[in-house]
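# Chain and residue survey
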Amino acid sequence: MADVEIRDDRESGSLVAYEGGEPVGSIAYFAVEPAPGALVAVHTVVRPEHEGKGIAGALVREFYAMAGREGVPVVPLCPYAAKWAQRHPDEAPEAPAELVQEAERRLGDHPELH
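Bear in mind the structure is a predicted one, so any value in this text is a computation, not a measurement. Residue positions within a chain follow its written sequence, with the count starting from 1. Given that the model is predicted, a residue must reach a pLDDT of at least 70 before its local features are reported, and side-chain atom pairs must reach 80 or more before they are shown or counted; all residues, however, enter totals for whole chains, interfaces and linings. To obtain the side-chain values, all non-hydrogen atoms of the structure were used and water was disregarded.

### Let's talk about the overall build of the protein
Each helix and strand counted, the protein has three helices and five strands in total. Sequence-ordered secondary structure for the protein, helices as α and strands as β, is β-β-β-β-α-β-α-α. The globule rule used for comparison is 2.2 Å times the number of residues to the exponent 0.38, while the radius of gyration itself is calculated over C-alpha atoms. Whereas a compact globule of 114 residues would reach a radius of gyration of roughly 13 Å, the protein reaches 13 Å, a difference of no more than 12%. The principal-axis extents of the C-alpha atoms in the protein amount to approximately 40 × 30 × 25 Å. Strands are runs of DSSP state E lasting at least 2 residues, helices are runs of H or I lasting at least 4, and numbering of each runs from the N terminus.

### Let's talk about the environment of isoleucine 6
Within the secondary structure, isoleucine 6 is located in strand 1 (residues 4-9). With relative accessibility at 27%, the residue isoleucine 6 sits in the partly exposed group. Considering only alpha carbons, one finds isoleucine 6 and glutamate 62, 56 residues apart in sequence, at a separation of 7.7 Å. Whether two residues touch is decided by their heavy atoms; if any such pair falls within 4.5 Å, the residues are in contact. Filtering out sequence-adjacent residues up to four positions away, isoleucine 6 remains in contact with Leu15, Val16, Ala17, Ala58, Leu59 and Glu62. Relative accessible area decides the class of each residue, using a 1.4 Å probe on protein chains only: under 20% of the type maximum gives buried, over 50% gives exposed, and in between gives partly exposed.

### Section: helix 3 (residues 97-107)
Within helix 3 the residues assigned to the buried category are Leu99, Ala103 and Leu107. For helix 3, the angular spread of the buried residues around the axis is 80°, confining them to a single face. Turned more than 90 degrees off the buried face of helix 3, the exposed positions are Glu98, Gln101 and Arg105. Contact partners of the buried residues in helix 3: strand 3 (22-32), strand 4 (38-46) and strand 5 (74-76). Note that the arc is computed from the directions linking the helix axis to the C-beta atoms.

### Some remarks on the sheet that holds strand 4
In this scheme, strands are said to pair when DSSP sees at least two bridges between them. The five strands are arranged 1-2-3-4-5 in an open sheet whose pairing can be described as mixed. Each of the sheet's edge strands pairs with one partner strand only, and the pair in question is strand 1 and strand 5. Taken pair by pair, the neighbouring strands of this sheet meet at an average axis angle of 25°, ignoring direction. Bridge analysis of strand 1 against strand 2 (residues 14-19) gives six bridges, and the strand direction is antiparallel. Paired with arginine 7 across the two strands is valine 16, which belongs to strand 2. Between the N-to-C directions of two axes lies an angle of 0 to 180 degrees, each axis being a line fitted to C-alpha atoms and, for a helix, fitted only over the stretch in contact.

Right, here's the structure in full:
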């Protein structure tokens, strides 16, 4: 994978990958609060000209690591993030079913993420 920097923009609800200073991919997400809370991955996208470089996987890996540092689970509503989690169970602990249901319910409160 090329030299990619990943930065969290919590205010806009996106984890963004940059290559050469240009945004090349992102995960749209929201936080479930109050505590203990969760981070909910809604959509992962990589610009077409940057596909196949491992950027999406790096984003999801960092998303789980970020949640781990914050001590909260990830709810992978994004199909790509869900598949990645299935392939990397050691890095992607499964969220409790009740939390998944709550995240799905709250997704309706975030139409900008659909």
